[in-house]
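Now for the letters of each chain:
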Amino acid sequence: MRTRFFNLRIPTEGSDTEAVELVVSDGRFEEILPAGSATAAGDEQWTDLEGALVLPGVIDGHVHFDDPGFTQREDFASGTSAAAAGGVTCVGDMPCTSLPPIVTTEALENKLKIIGPKAHVDYMLWGGVSGNAITDQQWRKHLADLVDAGVAAIKIYMLSGMDTFRDLTTSEIREVLTPTHQLGIPVGIHAEDRALVDELTERARGRGDDSPAAYAAARPAAAEASAVMAAVEAVRDTGARAHIVHLASGEALDVVSAARFEDLPISAETCPQYLQFTTGDFVKMGSLLKTAPVVKDESDRQRLWQGLASGEVSFVATDHAAARWPEEKKTGSIWTDYGGVPGVELLLPYLWSEGVVAGRITLQRLTELVCSEPARFFGVDHRKGWLRPGCDADFVVFDEGVHWKVKADALHNLNRYTPLEDFELTGRVRATYVRGQCAFERRPEGTEFFAPAGTGEWVRRGVS
């Protein structure tokens, strides 16, 4: 069945839009035609989108949906439901918050069997090399096997708080980057200087300081910048493609930008929490806003927005990582409270409201940041990230003028809390389509529709 979506607008240059019709067949865009230019085929179904803005399906390339292993925090059913409700048609799930972690193809196959029947949207999976895994003499073979299987990228940590996925030393990072360069796959790096953070943490805890301000001071911008410098040197030595995940510091962004000016293959992402909040907010909110890295100062926040507009930041992801609420966020100590916030459902409306509507970025730049650029990074841009013939018919019907207030209990992930509680946004997802089929719809009478669990598919790097 061919479906023609009509009475809609799509982004063009800057913040301009163009009226078109989208013709979808077998889950892919067949044609993108000027409005009113074609007649219906006999078996063609027509769908009127009532003048709505239509965006490419959003890719959130950094989520922790915790399945299998930590499903008291999130699972693939709830996480992908939230994604669909936020216009996210494809997620990139991290390897470290699964049990077992995705450091072998056996673990990958186990995960795929469990999450496949639950997914409401498409998904990519990161592989990883941890401090635990690198002690196995076969770790290089495991890495190559994961790449052959189709993982989207490889994750490593310079500073990890997880016993099941420990960080790597500087020499171990170089050991990992050498084969990833040969295998042609990028490496995502959690970049914080362990030695500096450990020293500052010990000092604060030693004097009994249990405040959010102490936690923030123990993970300063200097720790990010130092770690990014070390990553840049490793890239310079190995030629490997590296990507700094969840960048929070303007100083660290300057290091990335200088390296890119040298044409080194390094990039960075940031997250909405770093674009919106500062240390002052963290002091007020406490563990509700605890993340690693921690939010920084107003100057960092402004520098990151500047980096989005200029292209210095390649894309935006959420680092969606929910705690069991409220128990894991209220343990009695800032040091033991869980670090992480959910965010996948709010990525698009936040960036539209605070980016496009606020005049910080254009509509065109928004689609680059959450659609085409992550698609390129993960090697799926032949399928995802674009409104163009031959690509998967992933798109978002977006009501750009709707004003609404964020309420955690109206979100769709498992543990419903957010530092954006009561935040007023402009722009909301009306419907989300994955490969031409409706995955989510917010209906006029106030009800919501979700496609059945299991309709999402695994998207492998470089595979059609």
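Check the entry above for the structure.
Not measured: the values here are computed from a predicted model.

Enquirer: Quick question: what am I supposed to make of unusual backbone geometry here?
Expert: Of all residues except glycine, most have a negative phi; of all peptide bonds, most are trans. For the bond from Asp-67 to Pro-68, the omega torsion is 0 degrees, close enough to zero to count as cis. With respect to the helices and strands, Pro-68 occurs in the loop between β5 (58-63) and α1 (76-85). A cis amide bond links Trp-325 with the next residue in sequence, Pro-326, at an omega value of 0 degrees. On the secondary structure map, Pro-326 appears in the loop between β13 (315-316) and α12 (347-357). Positioned with a positive phi, Asn-7 is a non-glycine residue whose angle comes to about 60 degrees. Positive phi is not limited to glycine here, since Asp-319 has a value of about 55 degrees.

Enquirer: I tried to follow the pattern of salt bridges on my own but got confused; where do I start?
Expert: Side chains that carry opposite charge are capable of pairing whenever their charged atoms lie near each other. With the rule as written, the count across this model stands at 39 salt bridges. Residues Glu-31 and Arg-2 are paired through a salt bridge, measuring 3.7 Å at the closest nitrogen-oxygen approach. Of this pair, Glu-31 sits in strand β3 (residues 28-34) while Arg-2 sits in strand β1 (residues 2-11), and the two are 29 residues apart along the sequence. Residue classification places Arg-2 among the buried residues on the basis of a relative accessible area of 17%. It is possible to trace a salt-bridge network through shared partners that takes in Arg-28, Asp-122, Arg-383, Lys-384, Asp-392, Asp-394, Arg-435 and Glu-457.

Enquirer: Could you clarify how one ought to interpret the sheet that holds strand β9 (residues 154-157) in this entry?
Expert: Within a sheet, adjacent strands bond to each other through the backbone by hydrogen bonds, running parallel or antiparallel. Read from one edge to the other, the open sheet built from 6 strands follows the order β8-β9-β10-β11-β12-β13, with strand pairing classed as parallel. Every other strand in the sheet has two partners, leaving β8 (127-128) and β13 as the edge strands with one partner each. The pairing of strand β11 (residues 242-244) with strand β12 (residues 266-270) spans 3 bridges and is classified as parallel. By the bridge assignment for β12, Ile-244 is matched with Ala-268. Lying on the sheet, helix α8 (residues 250-261) is in contact with β11 and β12; it crosses β12 at an angle near 150 degrees.

Enquirer: Just to check I follow, could you spell out the environment of Gly-131 for this structure?
Expert: Within the secondary structure layout, Gly-131 lies in the loop between β8 and α3 (139-149). Along the chain, Gly-131 and Ala-85 lie 46 residues apart, while their C-alpha atoms are 36 Å from each other. With residues near it in sequence (within four places) discarded, Gly-131 still touches Arg-166, Asp-167 and Leu-168.

Enquirer: In this structure, what is going on with the packing of aromatic side chains? I would like to understand it.
Expert: In this description, a pair of aromatic rings is defined by centroid distance and the angle of the planes. By the definition in use, this model includes 20 aromatic pairs. Taking 5.6 Å as the distance between ring centres and 80 degrees as the angle between the ring planes, the aromatic pair formed by Trp-126 and Phe-378 counts as edge-to-face. Residue Trp-126 is found in the loop between β7 (122-125) and β8, and its partner Phe-378 is found in the loop between α13 (363-377) and β14 (395-405); the two are separated by 252 residues along the sequence. Taking the relative accessible area as the measure of exposure, Phe-378 reaches 0% and is therefore buried. Seen in terms of ring centroids, Phe-315 and Phe-377 are 5.6 Å apart; in terms of plane orientation they differ by 50 degrees. Their pairing is tilted. Of this pair, Phe-315 sits in strand β13 while Phe-377 sits in helix α13; the two residues are 62 residues apart in sequence, bridging distant segments of the chain. By relative accessible area, Phe-315 is classed as buried at 1%. A residue is classified by how much of its surface remains accessible, and Phe-377, at 6% relative accessible area, is buried.

Enquirer: Help me understand the sheet that holds β5 in this model?
Expert: Across the sheet, which stays open at both edges, the 3 strands sit in the order β5-β6-β7 with parallel pairing between neighbours. Unpaired on one side and paired on the other, β5 and β7 mark the two borders of the sheet. Adjacent strand axes in the sheet meet at a mean angle of 20 degrees, parallel and antiparallel pairs treated alike. Bridge count between strand β6 (residues 88-93) and β7: 4 bridges; the pairing is parallel.

Enquirer: Looking at this structure, I do not really get the nonpolar core. What am I missing?
Expert: Soluble globular proteins tend to pack their nonpolar side chains together in the buried interior. Ile-189, Val-228, Ile-244, Leu-351, Leu-366 and Val-370 are the most contacted members of the largest nonpolar core, which has 104 residues in total. With sequence-adjacent residues up to four places away left out, Leu-366 is seen in contact with Leu-348, Leu-351, Trp-352, Val-356 and Ile-361.

Enquirer: I tried to follow the side chain of Ser-98 on my own but got confused; where do I start?
Expert: Relative to the helices and strands, Ser-98 is located in the loop between β6 and α2 (105-115). In terms of polar contacts, Ser-98 uses its side chain to reach the side chain of Lys-111, at 2.7 Å.

Conventions and cut-offs
- Note on numbering: residues in each chain are counted from 1, in written sequence order.
- Where totals are concerned, whole chains, interfaces and linings use all residues; where local detail is concerned, this predicted model gives features only for residues with pLDDT of at least 70, and gives and counts side-chain atom pairs only at 80 or more.
- Working from all heavy atoms in the structure, the side-chain values ignore hydrogens and water.
- Secondary structure elements follow DSSP: runs of H or I no shorter than four residues count as helices, runs of E no shorter than two count as strands, and numbering proceeds from the N terminus.
- In the sections that follow, a salt bridge refers to a side-chain nitrogen of Lys or Arg positioned within 4 Å of a carboxyl oxygen of Asp or Glu.
- Buried residues are those whose accessible area, probed at 1.4 Å on protein chains only, stays under 20% of the maximum for their type, while exposed residues exceed 50% and partly exposed ones sit between those limits.
- In this analysis, strands are considered paired if DSSP registers two or more bridges between them.
- The contact criterion used throughout is that any non-hydrogen atoms of two residues lie within 4.5 Å.
- What counts as an axis is a line fitted to C-alpha atoms, over the stretch in contact for a helix, and the angles between N-to-C directions run from 0 to 180 degrees.
- A pair of aromatic rings is counted whenever rings of Phe, Tyr or Trp (Trp by its six-membered ring) have centres within 6.5 Å, and the orientation is called stacked for planes under 30 degrees apart, edge-to-face for over 60 and tilted otherwise.
- For our purposes a nonpolar core is just a set of buried Ala, Val, Leu, Ile, Met, Phe, Trp, Tyr and Cys residues, chained together by side-chain atoms within 4.5 Å.
- N or O atoms within 3.5 Å of each other form a polar contact, as long as, within protein, one can give a hydrogen and the other can take it, and as long as residues adjacent in sequence are counted only when both atoms are side-chain atoms.

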